[in-house]
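# Analysis of the macromolecular model
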Amino acid sequence: MKRQVKEHSNIMKRQEGKIDHELYCKYTRVWIPDPEDVWRAAEIIKDYKEGEPILHLKLEDESPLEYRIGPKDNPLPFLRNPDILVGENDLTALSYLHEPAVLHNLKVRFLEPNHIYTYCGIVLVAINPYDQLQIYGEEVINAYSGQNMGDMDPHIFAVAEEAYKQMARDERNQSIIVSGESGAGKTVSAKYAMRFFATVGGSANDTNVEEKVLASSPIMEAIGNAKTTRNDNSSRFGKYIQIGFDRRYHIIGANMRTYLLEKSRVVFQAEDERNYHIFYQLCASASFPEFKDLALTSAEDFIFTSQGENIFIEGVNDAEDFKKTKEAFTLLGVKESNQSSIFRIIASILHLGNVEICSERDGDSCHISRNDPHLTHFCRLLGVELEQMEHWLCHRKLVTTSETYVKNMSRKQAANARDALAKHIYAHMFDWIVEHVNKSLHTSSKQHSFIGVLDIYGFETFEINSFEQFCINYANEKLQQQFNQHVFKLEQEEYMKEQIPWTLIDFYDNQPCIDLIEAKLGILDLLDEECKVPKGTDQNWCQKLYDRLSSSVHFQKPRMSNISFIIIHFADKVEYQCDGFLEKNRDTVYEEHINILKASKFQLVADLFQDTNKDGSSSTSSSSKSSRINVRSAKPTPKVPNKEHRKTVGHQFRSSLQLLMETLNATTPHYVRCIKPNDEKEAFSFDSRRAVQQLRACGVLETIRISAAGYPSRWTYPDFFNRYRVLMKKSDMTVGDKKLVCRNLLETLVKDPDKFQFGKTKIFFRAGQVAYLEKLRADKFRSACIKIQKTVRRWLQMVRYKKIRKSAITLQRFGRGYMARRYAEQLRLTRAAVICQKQYRMVRERTAYLRVRQAVVTIQAFTRGMFTRRIFQEFLLHHKAMIIQKHVRGWLTRRKFKVARNAAITIQCAYRRMRAKRELKQLKIEARSAQHLKKLNTGMENKIVQLQRKMDDQTKDLKTQNEQLVVAKASLGSEVNKLQKELETMRSRQGDGSQLTSMKDELEKLRAELQEAHAHRKKLEEEHSNEKMRFEQRVEELERENSLLKSEKEKMNQRILHHSKSTEDQESSASQSVGRVQAELDEERQRYQNLLREFSRLEQRYDNLQEAKFQPGHRRNNSNQSSLESDSNYPSISTSEVGDTDDAIQLVEEMGVEKAAMDIGVFMKLQKRVRELEQERKRLQVNLEKMEDQSKHKGIEPKTTSEQENADLAYNSLKRQELESENKKLKNDLNELRKAIADRASKNSSSNELQDGYNLLLGQLKAANEELDVRKEEVLILRSQIVTAAQQKEKDTTNHIETNNLPEWTNSKKPIDKEEALRSYHGLCESKKLLEAQLQSQARKHEDELEAFRTQIELLRDDIEKKQEMLNHTMSLSPEAQVEYSVQQEITRLTNDNLDLKELVEKLEKNERKLKKQLRIYMKKVQELEVSVTAAASQSTTAKPEMTRQVTVQRREKDFEGMLEYYKEDEALLVKTLITDMKPHTVSATVPCLPAYILFMCIRHADYINDDQKVHSLLTSTINAIKKVLKKNNDDFEMTSFWLANTSRLLHCLKQYSGDEAFMTQNTAKQNEHCLKNFDLAEYRQVLSDLSIQIYQQLVKVAEHVMQPMIVSAMLESESIPSLAGVKPMGYRNRSSSMDKDEEGPGSYTLEALIRQLGQFHGVMGEHGLDPEIAGQVIRQLFYSINAVTLNNLLLRKDVCSWSTGMQLRYNISQMEEWLRGKNLHQSGAVINMEPVIQAAQLLQVKKKTSQDAEAICSLCTALTMQQIVKILNLYTPLNEFEERVTVSFIRNIQNRLQERNDVPMLLVDTKHTFPVLFPYTPSALSLETLHIPANLSLHFLTRV
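Heads up: these notes are all about the structure in this document. Per chain, the residues get numbers from 1 upward, laid out in the order the sequence is written. The predicted origin of the model limits local features to residues at a pLDDT of at least 70 and limits the giving and counting of side-chain atom pairs to 80 or more, whereas totals for whole chains, interfaces and linings rest on all residues. Only hydrogens and water are removed before side-chain values are computed, so all heavy atoms of the structure are retained for them.

Moving on, we come to the overall build of the chain. For helices the rule is a DSSP run of H or I covering at least 4 residues; for strands it is a run of E covering at least 2, with both sets numbered from the N terminus onward. On a plain count of helices and strands, the chain comes out with 54 helices and 26 strands. Contacts in the chain between residues far apart in sequence, at least 24 positions, make up 75% of those at least 6 positions apart. Throughout, a residue-residue contact means that at least one pair of heavy atoms, one from each residue, lies within 4.5 Å.

Set out below in C-alpha cells:
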C-alpha cells in the first residue's frame, strides 16, 4: 500500500510540473504518506530552501518529524488547502487538486455533516452511508426539479435532472452510468434515478408506465440480487434500462438489457452468503394455501439455500417482500398461471438440489433411489417423466458418426451435471422474466428520446479471482476508456468556449490493456480456442497465455505459480486463477436433459428451452411460443448442437459489451461513482485505505489529474471582483469595467502570466493560485484587523484614563464636601442652642403673664353678665306687649277685607256670564260657514308645530319654575321656622300677669318633665351600659368566630388552590382534546378536499380520454355529478350603498379634488338622488290618478266648487310640474358634469383646469343639496295638501247633500276636529321620521368619523412608540453606529415609501382606466335616458291617453320583483354570454359578481313559474360551462379568481333565498319576499360548494406556479441589503452544459418583484369581489409555499447557509410582514406559516459554541425539526478565515438535547400541502329589484319581471 501511495504521489507531482518552493515556508500545512491512514497532516516548522534534503515538520500530535526529500523517490509533500475550502461540494473547486485533498474533503463531508454526495467535475461521488436518510422524498424531487446542477447540493436527483434537462434542451439521448464495488449502493442509486424520472416525466395518459418501470425493480431484485459478505442486497448481474420519452418528454415505455448473471450462485454460496432472494421468499411463503403443492419447507432444508449457514437477513421480512414481488408481477401484466409456473420452476430447482446421488461400488457409476421424494417433486413440478430424468441424471450419451453410446457417470460427474442443469433452468427462467418485463414496458407509440440507466459492477479484486472477476474488470476497462475520452472532450470544449489556448493534456490510455483482452489472439480468443479443443484444460490455456502474451506490458506471469496470470488494469494489478475458466466459458449442459425439459407437459417449461436465435446478453421476444407443437421422431438421430450452445460465455459477453459501448457513445453520459466506506457495513464509518482503492479504480482521481493538468480553478468576473476587491486600490474601484479591474489586479498580484488565463466569462487559474490569493486576502484582513485592534485598544485606554481622572475628581469633590458639611453642622448646633435658650425663657415669662390675665378676665365676665341679664328682662316685657297689639289689629283688618272681596266676586261672575252667552251665539253663527273651516285648516300644521314647540318651551319653563318654587319653598320654610322661634321668645318676654302664672305652671310642668327626662335618661344609661356589655361580649364571640372562620378560610383557600390546579389540568386536557378534535376536523376537511381534488383530477382524465376517443366536434357532457359533503360558505361583496349628497360633498372636501376625481361614488350618489326624486314624483302622480279614477267611478261630480278648491288643485299641479322641471334640471346638470369630466379625462388637461372643473362640481353638488332639501319640504306639504283636498272634497259632497241640517253640523264638529288633528299628527310623524333619519345618518357619520379618528390616534400612538423605541435605541449607540443605524432606517423608510408609491401609482392608473370606462357607460345611459324623456314628453303633449300608458309602465318598473325571464331556446345564448364569452374587464365597472346575480334572477323566475326542467337545465349548463371555462383558462389567475367569486356568490344566493330560516336571519323583508317558492336546490348547493373548492384549489395552484420561479431568487439570492451577499467563499465549477442560461446570467427576481406579484394577486381578488377571508386564506397558502420552497432550498444549498444569508432573509421576511400589515392581512395566519424560515434565519445568526448557545438554539427553534436544525448546522459555511465552523461536538450536543422531542422525521417541508379552505356564509345586502344590467352585455333577450 505504501508503495502504491508513493508511486501515485510521484505521478501527481510530475503532472503538476515545476514546483513553487516559496510556498514551503513556516506554518504551511502539508500532506505526507502514511501506511495506515494513507495520508497524514503535518505543518512545516522551518522554511524550506531548494535543494535541502530534509523538510522539518510537526505532526498533529505535536511530535516533530524530519521528512527526507529526494528528487525521484520522495518529492516534496502535497500542500493542504485552506480550511475555508474544506468541505466543498465540488472537488474540482479545491485550490490544490491531488489525492490527499480529495480524500480529506470526502472524509470531512461524510463524517461531519453526513453528506454522502460530492461532485468531482462531471462525476457524482456517492458514499454508502449504511443508514436510512430522509433525503429521497417527493418533496426533495420537487426541490431539485428544474434547478441547475451547481445551484443545489450534490444529489443523485441533481444528476437525473441534468440528464432530463439536456435531453429536452439538446434533443440528445442521455445515459447515467452507475458503477462501484459490491455494496457501494449502485442499485439504490439507479433506483432513485428512475424514481426521479417517473415523478418528473410522468406519462401523459393513464397507462401508468412510470409505475411499471418502478415495479420492475422488486422483480429484478428478487431474481437477480443476493446477500454477499459485502452487501445484503448485491446485484449479481448488470443491467441497462432505457426509459423512453415522447416529444413532450413524458415516459411512454422502457426496455431492459441484462449482462452476465452469476449462475454459479444457484448451486453454491460461500459462508455467510445467500442464494437469490426469490428462493427464500418462496420458502417463507410456503405455508400459503396456493403453494401447498410445491412441497416446500424452510430454506434450511434445501442444499441450494443453506450452504451459507445463515438464511436470514437482519431487518428483512422475506414473506412481505414476496408479496411485493407478486404485486409487481401483477402490475406488469404477468398472468396468474405464468406466475404459478415461475414459482413451480423455482421450487423444482430447490428439489433438484436435494436429489441424492448414490455411488456404486466400482466408483465409476451411480444411481438415484427410486423413492427419492425430491426427484419426484422435481419431475411433477416440471411435468417431465420421472424414469427418464432418473436415468439421464446418472448417464450420458456419446454420439459419433456411426454409433451412439450410453455411458455411466461417476457420482461427481452426475452431481456436476445436476448443478449445471439447475443453473441452466434458472438462467432461462431469468431471461424469460426479463423478456416479459420488456414486453410489459414496451409501447406502440414512437419514441422520441431516451435516458439510459446503467447499473453495472465495479472493478473487483479478491484473494482468488476467477472468470467472473475477469469479465467484470474487462467491462470496467471499456467503461473507463469511454470515461477518459468524455472527460478530455469536456475539458477541451470548456477551453474552446472560453477561448483559452489549448495545450494537449496527457492522460492514461487503457487501450493496450483492452487489446490484450479482446484483440485477435488475445485472452478471450485463446480461451475460446482452447474450449474448442476436445481435451482442452485450464493448464494448457494458461501455458498458451504465457507463450503468446508475455511480451505485453499489461500481462505478467506470477513467480510462484503456473496456473495463474496477472493483468495490470487501470486501477490495480489483478492475479487470476485459471481453474474453472474453460468450464465457465463453455457453460456445458447435456443435451438429454434439455430434451426431457422440452417434452414437458407444461407449456411455459417447454417454451423456455425451445431453439431460438438469441444470445444470452439480451432478452428478445420469441415468436409464437404458445402455438408451437413439439414433434418427436420415432428413431433417435444424432443432433448437431445448436448455435446457442456453440457460443461461449466470453463471446456473448464481448458482443453485448460492444453493443453497450455503441449505445453509450451515441448518448451524453453522466457518471455516478459509488464508494463503499468500510467493509463492516457500519453507519458513517470511513476507512481511508478502502476509499482510496475505490477512488483510483472508479476514475475519480483520473478526473482530478486531468483537471489539475490545466486550469482547475475557475471564477466568473463578478464573483472574483466581489471576493477579492479588498485587494484593490480605491482608484481601481472607480473603473466601470469589472473585467479590466480584475485583469489589472491579477497582473499586479501574480507575476507569472502562465498561472492564469482570461476567458470570455471566467478567469482560469493554475492549481494553488486561488490559495495564494486567499492568503493575500487573509493577510489584508489580518492587517486591517490589527489596525482596528490598535485603534480600539487606544480608545479603550483613553476611556480608562478618563474614567480614572473622573473618579479622582469625584473623590476630591466628595472629600471637600464632607469637610464643609462638618463645619456647617457645628455652626448649626451652636445656633440651635441659642434658640433653645431664648424660647425657654420666653415660655417661662409668658406662662406667668397668662395666669394673671386669665384671673382678670374671669372677674370681668361675671360682672358684665349680671348687668346684662337685668337689661334683658326689662326688654322682654316690652316686646311681648307689642306682639299682642299687632295680632289684634291684624285680625280686625282681615275680617273687613274678606267682606269686600266676596261682594266683588259676585258682581264679576254675573257680568262674565252675560258676555259668554253673547260670544257663544256669535261662534255658532260663524261655525256654519265653509270659509271658516278653510281658515281653520289653513296653516293647521304650522300651528300644531308651533303649539308643539310652545308646549315644549312651556314644559321647560314649568320645570324651571318648579325648581325655583321648590327652592323658594325651602327658603320660606326656613324663614317661617325662624319667625316662629322669635315669636315664642317674644311671647315669653312680653306676657302679662296671667301669662306669668301660666308660664309658671308651664315651668313646673317642664320641671316635672325634666325630672322624668332625667329618670328616663338614667334608665337609658343603664340600658345602654347593659347593652354595651352584651355588645362587648358579642364582639368577643364574633372575634373568636372570625378567627375560626379565618382558619377555615385558609383551609378553603388551600383546597381552592388545589382544586384550581386540578381544574387547570382538566382545562388544559380539555383544551388539548378540543385541539385534537379541531385537528381531526381539519384533517377530515383536508381529506375531503383531497378527495375532491382527486375527483376533479379523475374527471379531467375522463375528459382527456373522451377528447382522445372522439373526433373534434360538438359534444355534450353529463353534469349530474355530485361530490362529497362539504358545507363550504362564501361571503359576498354587496354593492356599496350610496349615501346622501351631503356625505358626497363632505367626502369630496375631505379627500380633495384630485383624489375624488378617481372615485365614481359621487356620480352614483347623484344618480340615486335623481332616481329618488323620480320615484317620489311618480308615486304622487299615481296617487293623484287614483283619486281621479275614484271620482270618475263614483260619478259624483260636485256641481259647484268654490274658488278656493280650484286654487288648491292648481297649486298642486304647479308644484308637481315644478318638481318635474327640477328633476330634468338636475339630470341636465349631471349630464353636463359628466361631459365636462369626460372631456377633461380625454384631453388630459392641466391641473388648473382640473381644479376648476372639480370646484364647479363641488358648487353644483352643494346647490343640488340645497334644492333637494327644499324639495323635500315641498313634497311633504304637497302630500298633506293632496290628502286634505281629497277628504275635504268628500266632506263637501256630504255637505251639499245634507244642506239646512244644522243639528248634524253642530254634532259633527268634534269628529272633524279629531280628523284634522289626526292628519296633522300623521304629517308631524312623517316629518319626525325624516328628521330622525337625518339625525341617524348624521350620528352614523359622526360615529364613523370618531372611529376613524380613534384608529388614526392608535396608529399615531404606535408610530410614536416605535419612533420612541428607535430614538432610545439610537441614543444608546455610539455616534458612528447612530449614523449607520439612521442610514439603515432611512433606507428602509424610503424602500417602503417607494413600494407604497408604486402601489398607489398602479391603483391610480387602474382607477383611471375604470373611471374612463364608467364615464363612457354613463354617457350612453344618460343619452338613452334623454331620448326616453324626450319621447315621453312628446307623447304626453300629443295625446293624453298615452300619458296613462306611461304611468302604467312606471308602475311595472316600480313593481319589479327581481326576476329575469328568458325563453328556453335562449338558454345557450345566455350561458355563452354570461360564462363562456365573459371577460372580467367587461363587468369591472359594475356590481361585483354581476353574472352570478343575473343567473340567480333567471333561476328565480324559473322557480316562480314552477318549471323544474328549466331550473335543472340552467344550473347544469351553468356548472358545465364554468368547468369548461376554467379548464380552458387553467393558468389564468384573473379568470380563476373571477369565477371563484361568482360561483361562491351564486351559492350564497341559493342559500340566502332558499327559505331556510338559518340563512334568512340577516335578510331584509323585501329579500325574504324574494325567496324560492317551489324547489329545494340543496343538491345543487352541494355541487356548487364542491365546485368552489375545486376553483379555490386551481387558484392556489396557478398562483403558486407563477410565484415558484421567483421565490428562491427573491428570498435567498437577491441583495435587498446592498454589499451584504458579496462575500461568497468560492464559486462552483458549473459545467457549461448544466447552466440553463445565457452569458449575461439568469433572469433573477428581486424581493420587490415578489411583493409586487403578491399585491397584484390581492388586488385582483379584491377587484372581483372575493371575500377578504377567502383572499386571506389564499395569501396564507401562498406564504406557506414561500416558506416551504425557501426552507427546502436553504436545506439543500450549502452556499446560502451563512450569516449574511440569515441577515438577508430576516430583512426580506420583515418586508413581507410589513406588506401584510399594510394590506390588513396580519391576522390571516400567514406570518405563522413563515415561522420555520424565521427561525432558520435566526439559527444562522446566533452563536454556536457553548452549551448555553445549544440550549438557546433548542428553545428558539421550536418550529424546526431536529433533522432540519442539524442539517442547517452541518451546512453552515464560514465566509472567511475569521469565522469558525460548527463543531461536531456542538451538533452532537444539539442532537442529545432534541432527543426528547417527538418530531416527525422530516427534513424537507411538503410543498404540495394545502390547508383546508373554509367558505364563511355572508349574505348579500343588494336588493335584486335594484340591480341594473349594463347594455354592453347584450342581454336584450332577458325581460325584467
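Any two strands with at least two DSSP bridges between them are considered paired. Taken together, the five bridges between strand β3 (residues 54-59) and strand β4 (residues 64-68) define a ladder with antiparallel strand orientation. Each residue of the ladder has a partner; that of L57, found in β4, is L65.

So, on to the packing of helix α7 (residues 277-284) against helix α9 (residues 318-331). Across the interface, α7 lies against α9 with an axial gap of 8 Å and an inter-helix angle of 105°. Of the possible angle classes, the one that applies to α7 and α9 is roughly perpendicular. Where α7 abuts α9, its residues I278, Y280, Q281, L282 and A284 lie against D318, A319, D321, F322 and T325. Three classes are used, and their members are as follows: Ala, Val, Leu, Ile, Met, Phe, Trp, Tyr, Cys and Pro are nonpolar, Asp, Glu, Lys and Arg are charged, and the others, Gly among them, are polar. A per-class count over the contact of α7 with α9 returns six nonpolar, two polar and two charged. Helix axes are fitted to C-alpha atoms over the stretch in contact, other axes to C-alpha atoms as well, and angles between N-to-C directions run from 0 to 180 degrees. If an angle is under 35 degrees, it is roughly parallel; if it is over 145, roughly antiparallel; if it lies from 65 to 115, roughly perpendicular; otherwise it is oblique.

With seven of seven residues buried, strand β17 (residues 449-455) is to be regarded as a mostly interior element. As defined by bridge partners, strand β8 (residues 174-180) adjoins β17 across five bridges and the pair is classed as parallel. When the sheet's bridge partners are listed, I176 is paired in β17 with V453. Of the strand pairs in this sheet, strand β11 (residues 238-245) and β17 are connected by seven bridges, and their pairing is antiparallel. Pairing of Q242 across the sheet is with G452, part of β17. Classification of residues uses two cut-offs on accessible area relative to the type maximum, computed with a 1.4 Å probe and protein chains only: under 20% is buried, over 50% is exposed, and between them is partly exposed.

Two joining distances apply to patches: 9 Å for like charges and 5 Å for nonpolar side chains (Val, Leu, Ile, Met, Phe, Trp, Tyr), and every residue must have over 30% relative accessible area and no salt bridge. The method behind every accessible area is Shrake-Rupley, applied with a 1.4 Å probe, and residues are considered shielded solely by the protein chains displayed. By convention in these notes, a salt bridge is any Lys or Arg side-chain nitrogen within 4 Å of a carboxyl oxygen on Asp or Glu. Positive charges come from Lys and Arg, negative ones from Asp and Glu, while His and the chain ends are left out of the count. Every charge is mapped onto a representative atom, which is NZ of Lys, CZ of Arg, CG of Asp or CD of Glu. A cluster of acidic side chains, namely E1354, D1358, E1361 and E1365, defines a negative patch on the protein surface. Along the chain, E1365 falls in helix α38 (residues 1309-1371). Residue E1365 is classed as exposed on the basis of its relative accessible area of 56%.

Residues other than glycine seldom take positive phi values, yet L521 does so here, at roughly 55°. Relative to the helices and strands, L521 is located in the loop between α15 (511-518) and α16 (523-532). Judged by its relative accessible area of 44%, L521 falls in the partly exposed class. Positive phi, close to 60°, is recorded for N1506, a residue that is not glycine. Residue placement: N1506 occurs in the loop between α42 (1490-1504) and α43 (1508-1528). Judged by its relative accessible area of 49%, N1506 is partly exposed.

Okay, the sheet that holds strand β7 (residues 123-127) next. With mixed pairing, seven strands are arranged side by side in an open sheet as β6-β7-β21-β8-β17-β11-β12. In this open sheet, the two strands that pair with only one neighbour each are β6 (117-120) and β12 (251-259). Within the sheet, the average angular offset between the axes of one strand and its neighbour, ignoring direction, is 20°. With respect to the sheet, helix α14 (residues 467-497) is in contact with β7, β8, β17 and β21 (668-675), its orientation differing from that of β21 by roughly 120°.

Only a pair of cysteine sulfur atoms within 2.5 Å qualifies as a disulfide here. As enumerated under the stated definition, the model contains zero disulfides in all. For the unlinked cysteine C1757, the closest cysteine sulfur is that of C1754, found at 8.1 Å. On the basis of relative accessibility, which here comes to 0%, the residue C1757 falls in the buried class.

This part covers the sheet that holds strand β2 (residues 38-44). Strands pair in a sheet through their backbones, by hydrogen bonds, and they do so in one of two ways: parallel or antiparallel. Spatially, the five strands line up as an open sheet ordered β4-β3-β2-β1-β5, and their pairing is antiparallel. The open sheet is flanked by β4 and β5 (78-79), the only strands paired with a single partner. Direction of pairing for β2 relative to β3: antiparallel, over a ladder of three bridges. Within β3, the position partnered with A42 by the bridge is L59. Set on the sheet, helix α2 (residues 99-111) makes contact with β1 (29-34), β2 and β5; between it and β2 the angle comes to about 100°.

In contact at an axis separation of 9 Å, helix α46 (residues 1578-1613) and helix α48 (residues 1668-1692) are set at 40° when each is read in the N-to-C sense. Comparing the axis directions of α46 and α48 gives the class oblique. As α46 runs across α48, the sense of the crossing is right-handed. Between α46 and α48, the residues in contact are Y1592, L1595, V1596, A1599, E1600, M1603, Q1604, I1607, V1608, M1611 and L1612 and I1670, Q1673, V1674, Q1677, L1678, S1681, I1682, V1685, T1686, N1689 and L1690, respectively. Residue classes in the contact of α46 with α48 are distributed as 15 nonpolar, six polar and one charged. Crossings are classed by handedness, with left-handed meaning an anticlockwise turn of the near helix from the far one by less than a right angle and right-handed meaning a clockwise turn.

This next bit is on the pattern of salt bridges. Summed over all chains, the structure comprises 28 salt bridges. Close ionic contact of K584 with E468 constitutes a salt bridge, the shortest N to O distance being 3.2 Å. A residue pair is termed long-range when its members are at least 10 positions apart, and K584 in helix α18 (residues 581-586) and E468 in helix α14 qualify at 116 residues. Overall, the relative accessible area of 31% leaves K584 in the partly exposed class. Its relative accessible area of 19% is what places E468 among the buried residues.

Here we take up the packing of aromatic side chains. Ring pairs (aromatic) are described by centroid distance and by the angle formed between their planes. Side-chain rings of Phe, Tyr and Trp (the six-membered ring for Trp) are treated as a pair once their centres are within 6.5 Å; stacked means planes under 30 degrees apart, edge-to-face means over 60, and tilted covers the remaining angles. Taken as a whole and assessed by the stated rule, the structure comprises 37 aromatic pairs. Their ring planes at 85° and their centres at 4.6 Å tell us that F483 and Y671 sit as a pair that is edge-to-face. Of this pair, F483 sits in helix α14 while Y671 sits in strand β21, placing them 188 residues apart in sequence. Each member of the pair, F483 as well as Y671, carries the same accessibility label: buried. Placement of a charge over a ring requires the Lys NZ or Arg CZ to be within 6 Å of the ring centre, with the centre-to-atom vector within 35 degrees of the ring normal. The residue whose ring lies beneath R743 is F758, and the NZ or CZ to ring-centre distance is 4.3 Å. Directly above the ring of Y1772 sits K1744, whose terminal nitrogen or CZ lies 4.2 Å from the centroid.

In this section: the environment of L749. Locating L749 in the fold gives a position in helix α27 (residues 738-749). The spatial distance from the C-alpha of L749 to the C-alpha of M728 is 10.0 Å, given a sequence separation of 21 residues.

This part covers helix α23 (residues 688-698). The buried count for α23 comes to nine of eleven residues, which makes it a mostly enclosed element. By the burial criterion, the buried members of α23 are S688, R690, A691, V692, Q694, L695, R696, A697 and C698. The positive-phi residue at the C-terminal boundary of α23 is G699, with phi of around 90°.

The next point concerns the nonpolar core. F197, F565 and M1611 are the most contacted members of the largest nonpolar core, which totals 327 residues. Looking at this core, the element that brings in the most residues is α46, giving 18 residues. Ignoring any residue separated from it by four or fewer positions in sequence, one finds M1611 in contact with L1647, L1650, I1682, T1686, L1705, N1708, I1709, M1712 and M1730. Formed by 19 residues, the second largest nonpolar core is a distinct cluster that contains W715, C742, L746 and F756. Definition used in this section: a nonpolar core is a set of buried Ala, Val, Leu, Ile, Met, Phe, Trp, Tyr and Cys residues joined via side-chain atoms within 4.5 Å.

Because the α-helix completes a turn every 3.6 residues, residues three or four places apart line up on one side. Along helix α19 (residues 591-598), six of the eight residues are buried, which leaves the element largely enclosed by surrounding structure. On its buried face, α19 sits against α11 (373-382), α12 (386-392), β15 (395-399), α13 (411-441) and α20 (603-608).

On the surface, I788, V792, W795, L796 and V799 cluster together into a nonpolar patch covering about 470 Å² of accessible area. Judged by its relative accessible area of 53%, I788 falls in the exposed class.

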